[in-house]
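# Structural description and commentary
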Amino acid sequence: MPIAHSCSSPTSGNARIKRSPSWTTAIIEAMSPSCFNTRILLQQDYGFLTDINVWHPFVTIGVYSSTLSAAMSNLIGASRILYALARDDLFGRFLSPAKHTSASGNPWVSVLISWILVQLVLFSGKLNTIASIVTIFFLLVYAAVDLACLALEWASAPNFRGTLD
């Protein structure tokens, strides 16, 4: 005798899932330049979207907006890591100014120090070389943080909680 299974999930029976076309739209937008342009154009002309766009400033606005967004997220992320290093006294008195925060708890001195370091790096050379080096350093920093958390977890350190605060 077969056993009847009852299922109370929202997808059972006649219930239908409405799918958003956003994923499909994103894939089409990402792939369409390679379908409608030559390989040489895609490799040699980084500004080709300006020529084929409906309104030329859309591309410029998009490039500046995405660059500013990435720069701000990296700057804030780097300043939080700098603040955590200073708060934990990992470098002694060298980073002690980075411990200062505003009344609301924002580490403004760490943001300022990070901004100064970014400006020094930007004025030092070619931007494409700097971008690859900075990317590698960010990946190394996050890998080091992950390995430190893993080591503390495996060591069963009594004061390690592994939460984000």
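Quantities reported herein were computed from a predicted structural model and do not represent experimental measurements.

Let's shift gears to the side chain of Ser110. Within the fold, Ser110 resides in helix H5 (residues 108-122). Setting aside its immediate chain neighbours within four residues, Ser110 contacts Ser79, Leu82, Tyr83 and Ala98.

What follows concerns a nonpolar patch on the surface. Nonpolar side chains collect at one region of the surface, where Trp108, Leu112, Trp115, Ile116, Leu117 and Leu120 lie side by side and expose about 630 Å² of accessible area between them. Position of Leu112 relative to the elements: it lies in helix H5.

All right, on to the environment of Pro107 then. The residue Pro107 is located in the loop between helix H4 (57-87) and H5 in this model. Exposure remark for Pro107: the relative accessible area of 2% places this residue in the buried category. For the pair Pro107 and Tyr83, spaced 24 residues apart in sequence, the C-alpha to C-alpha distance is 6.6 Å. In this view, Pro107 contacts Arg80, Tyr83, His100 and Thr101; residues no more than four positions away in its chain are not counted.

Turning our eyes to something else, we now look at the environment of Met72. Tracing the sequence through the fold places Met72 in helix H4. What makes Met72 partly exposed here is its relative accessible area of 41%. The spacing of Met72 and Trp115 is 43 residues in sequence and 9.9 Å in space, taken between C-alpha atoms.

About the thresholds
- Residues numbered from 1 in each chain as written.
- Predicted model: local features only at pLDDT ≥ 70, side-chain atom pairs only at ≥ 80, totals over all residues.
- Heavy atoms only, no water.
- Helix = DSSP H or I, 4+ residues; strand = E, 2+ residues; numbered from the N terminus.
- Contact = heavy atoms within 4.5 Å.
- Patch = residues over 30% accessible without salt bridge, like charges linked within 9 Å, V, L, I, M, F, W, Y side chains within 5 Å.
- Areas by Shrake-Rupley, 256 points an atom, 1.4 Å probe, with all protein chains shown as cover.
- Salt bridge = Lys/Arg side-chain N within 4 Å of Asp/Glu carboxyl O.
- Buried < 20%, exposed > 50% of the residue type's maximum accessible area, 1.4 Å probe, protein only.

Just geometry here; none of it tells us what the structure is for.
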